[in-house]
Amino acid sequence: MNYTVINRDVQVGDIYLTAVTSSSIFLIGDADIINLASAFDTPPESLFVGPFVPLTPK
């Protein structure tokens with residue numbers, strides 16, 4: 001497979017963000033290296049895995 005990349009100028013107008021979650025990345029332009037890390041600091045006894053209660057509309 002042949003893949004050709006042509007880098008040109010990036011022009012960005014207005015950007016409106018409603019929300020960004022803690023596991024998101026918002027990137028405009030080039031990046032040589034992106035390093036990601038994660039930490040989970042919730043104690044195991046507070047993690048609920050099992051039958052979920054379905055949400056019903058009111």
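This is a predicted model, so every value here is computed, not measured.

Scoring rules and cut-offs
Residues numbered from 1 in each chain as written. Predicted model: local features only at pLDDT ≥ 70, side-chain atom pairs only at ≥ 80, totals over all residues. Heavy atoms only, no water. Helix = DSSP H or I, 4+ residues; strand = E, 2+ residues; numbered from the N terminus. Buried < 20%, exposed > 50% of the residue type's maximum accessible area, 1.4 Å probe, protein only. Areas by Shrake-Rupley, 256 points an atom, 1.4 Å probe, with all protein chains shown as cover. Patch = residues over 30% accessible without salt bridge, like charges linked within 9 Å, V, L, I, M, F, W, Y side chains within 5 Å. Salt bridge = Lys/Arg side-chain N within 4 Å of Asp/Glu carboxyl O.

(A) Here's a closer look at the overall build of the chain. Of the regular secondary structure elements, the chain holds zero helices and zero strands. When burial is assessed residue by residue, the chain has 0% of its 58 residues classed as buried. Counting only carbon and sulfur atoms, one obtains 55% of the accessible surface of the chain, whose full area is about 6800 Å².

(B) Representation of a nonpolar patch on the surface within the structure. Residues Val 10, Val 12, Ile 15, Leu 17, Val 20, Phe 26 and Ile 28 make up a contiguous nonpolar surface patch of about 630 Å² in total accessible area. Note on Ile 28: relative accessible area 41%, which makes it partly exposed.

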